[in-house]
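Coordinates in review
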Amino acid sequence: MIKRFSWTATTTWLVLLFLHLPVAVLIAYSFNASRYGGRWLGFSFKWYERLFRDDEIWRALGYSVAIGLAATLLSLILGVSGALALHRARYRLRGLHFSLLYLPLAVPDILMGISLLLFFVLLQVPLGVLTIVAAHTSFCVSYVCMVVLGRLQTFDFTSIEAARDLGATPWQAARLVLLPRLVPAMVSGGLLAFTLSMDDFVITFFVSGPGSTTLPLRIYSMIKHGSPPLINALSTLLIVFTAAVIAVAQRFTKEVPRT
């Protein structure tokens, strides 16, 4: 039987090819012996060897991971609390609070970076790791809050009322009934916040100080000084790590009971 030509399947494959072909080229050229990407001079691991000997890159990666974890933790605490308050409470300024929640999602990064820089200068706060964490938290919390709000809109709160009728305290009902069903949204929001923090360059460029160079800032410096092979090798390792984290997160969220 001859299958019909499917424009939907063809378009899907073309879009996937368009999205992933540059990544495949980057991974391939991370093993290129040539310093420049113009031609292939043979398979080599020398750029990975140099990468593992570059202390400045790993120091910058350590800063990025530490800042990302701190910003993610603060964003989860503030985002989940804010989502619960906005979903359950009914008050006059609720619409204004929703607008303030959407604001970091719509404002260009360069405006946020400049405004945060002026704010820290006004308060005479030294620029460094703490200001980067505060800046990243300021926009990551909106993403976490929106993801959790989406989960709360489909949550059946009668299960909490049933737990209260059976003698559970408000804390027990929240810990044993509400929190487990929010875990998938919290994991998704946390991964999104961590990714945005690790990836941010513009805002970090404005609020960073001496001795707080993150990985995106270090990569920008490497591009200016002409080190594309090391960037290709580093990007390949980050892609592999990200794929592994996504696989683990998907497996974890599938095992969480849902309402």
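As named in an unreviewed UniProt entry, the protein is ABC transporter permease, taken from Sulfidibacter corallicola. Turning to the protein, the UniProt record has this under Subcellular location (unreviewed entry): "Cell membrane".

1. Description of the confidence of the model for the protein
When pLDDT is averaged across the protein, the result is 83; 93% of the residues are at 70 or more. In this model, residues 255-259 is a region of pLDDT below 50 whose contacts with residues beyond four sequence positions or in other chains number 12 contacts.

2. Digging into a nonpolar patch on the surface
Taken together, the side chains of Tyr 91, Leu 93, Leu 96, Leu 100 and Leu 103 make up a nonpolar region of the molecular surface, amounting to roughly 470 Å² of accessible area. Counting through the fold element by element, Leu 93 comes out in the loop between helix H3 (55-88) and helix H4 (94-106). Exposure remark for Leu 93: the relative accessible area of 46% places this residue in the partly exposed category.

3. Things to note about the side chain of His 87
Looking at the secondary structure, you find His 87 in helix H3. Not counting residues within four places of it along the chain, the set of residues in contact with His 87 comprises Arg 94, Leu 149, Leu 152, Gln 153 and Phe 157.

4. Comments concerning the layout of surface pockets
Over the atoms a probe the size of a water molecule is rolled, and this reveals where empty space is left. A volume near 850 Å³ is recorded for the largest pocket. Lining the largest pocket are 25 residues, with Thr 195, Met 198, Leu 238, Phe 241 and Thr 242 positioned closest to its centre. Counting only elements with at least two residues in the lining of the largest pocket, the list comes to H3, helix H8 (170-199), helix H10 (215-224) and helix H11 (228-255). Examining the composition of the lining of the largest pocket, we find that 12 residues originate from one element, H11, more than from any other. Looking at side-chain class alone, the lining of the largest pocket contains 21 nonpolar, 3 polar and 1 charged residues. Looking at the second largest pocket, its volume works out to about 260 Å³. Lining the second largest pocket are 16 residues, with Leu 86, His 97, Leu 100, Leu 101 and Ser 142 positioned closest to its centre. Elements with a contribution of two residues or more to the lining of the second largest pocket: H3, H4 and helix H6 (129-152).

Rules and cut-offs
- Residues numbered from 1 in each chain as written.
- Predicted model: local features only at pLDDT ≥ 70, side-chain atom pairs only at ≥ 80, totals over all residues.
- Heavy atoms only, no water.
- UniProt positions renumbered as here; feature names shortened; annotations may be inferred.
- pLDDT = per-residue confidence, 0-100.
- Contact = heavy atoms within 4.5 Å.
- Patch = residues over 30% accessible without salt bridge, like charges linked within 9 Å, V, L, I, M, F, W, Y side chains within 5 Å.
- Areas by Shrake-Rupley, 256 points an atom, 1.4 Å probe, with all protein chains shown as cover.
- Salt bridge = Lys/Arg side-chain N within 4 Å of Asp/Glu carboxyl O.
- Helix = DSSP H or I, 4+ residues; strand = E, 2+ residues; numbered from the N terminus.
- Buried < 20%, exposed > 50% of the residue type's maximum accessible area, 1.4 Å probe, protein only.
- 1 Å grid on protein atoms, 1.4 Å probe; cavity = no way out; pocket = protein on both sides within 12 Å on 5 of 7 lines; lining within 4 Å.
- Points joined across faces, edges and corners; volume = space filled by probe spheres on them.
- Nonpolar A, V, L, I, M, F, W, Y, C, P; charged D, E, K, R; others polar.

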